[in-house]
Structure formats: structure tokens, C-alpha cells
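What follows is each chain in one-letter form.
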Amino acid sequence: MLNKVQLIGHVGQDPEIRETPQGTKVVDLRLATSRYWRDGEGNRQEETEWHRVVFWGKTAENVASVLAKGRLVYVEGRIQTRSWEDESGKHFRTEVIAESWQALTRASGSGEAAA
């Protein structure tokens, strides 16, 4: 069986690092991917999909220090769906659990192109 996803997209907001109660670093990142096509009249169309990507541990620290809103990034990982229930009902969230990543554009004012 295989559970693998590869995405290239733009970071939707600056990453914010947080810690679990056990002290593990984590970053939840929003990533936008787009596809383009021409409709029947030849007009260019665009569709954007937003993905939740989760980075853990040392990787989360690196992502938080390198990535920023608007940067193009490659992410490889696996899909995971979580569910929980509260007073408003049952909820589901599908996320990409990142296993590797690479920045594809340079940060403004920085010579660093990849991590």
C-alpha cells in the first residue's frame, strides 16, 4: 500500500511554530496549489486548492525559520485524516504530514534558496 503526496505550491501565510504539551515543535502551514486550463472559448481558467501541511520536530523549526508567505515550496509527505467531536458535532480534517520539503524560491534579501 502507498500513501504519498507531492505538492508544489505557495505558502499562504507566515508559518507559526508552536509546541505540544510534550514539548514537540509543530508548524501547521497552508499551501495553495493551482491548476490552469483553457475553457471552450479559449479563455484561461484557474482553480486553486488549499492544503493543510503539518511539520514536526526539527523540520518544523527549519520551516518556521526559512519559509514565509508567498514562497514557492515543494512538500512530500502522507495524507492523514483526523476526526473529533465537540458540542457543534463531528469534525474531520485532512492534512499532509510532511516528510521532506524544499524551498523553490529565494527569500527576499536572502541568498538561501533551499533548506
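Residues numbered from 1 in each chain as written. Predicted model: local features only at pLDDT ≥ 70, side-chain atom pairs only at ≥ 80, totals over all residues. Heavy atoms only, no water.

### Quick look at the pattern of salt bridges
Inference 1: Tallied over the full model, the rule gives seven salt bridges.
Inference 2: Across the pair D28 and R18 runs a salt bridge whose closest N-O atoms are separated by 3.0 Å. Of this pair, D28 sits in strand β3 (residues 25-38) while R18 sits in strand β2 (residues 17-19), and the two are ten residues apart along the sequence.
Inference 3: Given the relative accessible area of 36%, D28 is considered partly exposed.
Inference 4: Between R82 and E95 there is a salt bridge, with the nearest N and O atoms lying 3.1 Å from each other. Pair noted here: R82 is in strand β5 (residues 72-86) and E95 is in strand β6 (residues 89-103), with a separation of 13 residues, a long-range link.
Inference 5: Overall, R82 belongs to the partly exposed group, its relative accessible area being 33%. (Salt bridge = Lys/Arg side-chain N within 4 Å of Asp/Glu carboxyl O. Helix = DSSP H or I, 4+ residues; strand = E, 2+ residues; numbered from the N terminus. Buried < 20%, exposed > 50% of the residue type's maximum accessible area, 1.4 Å probe, protein only.)

### Some details on helix α1 (residues 57-66)
Inference 1: Three or more residues of α1 are buried, namely G57, A60, V63 and V66.
Inference 2: Here the buried face of α1 lies against β2, β3, β4 (44-56) and β6. (Contact = heavy atoms within 4.5 Å.)

### With respect to the pairing of β6
Inference 1: Relative to β6, β4 runs parallel, the two sharing two bridges. Bridging from a neighbouring strand, V54 pairs with I97 of β6.
Inference 2: Looking at chain direction, β5 and β6 are connected through 14 bridges and run antiparallel. If you follow E76 over to β6, its bridge partner there is S100.
Inference 3: If you look at the hairpin formed by β5 and β6, you'll find two residues sitting between the two strands. (Pairing = 2+ DSSP bridges.)

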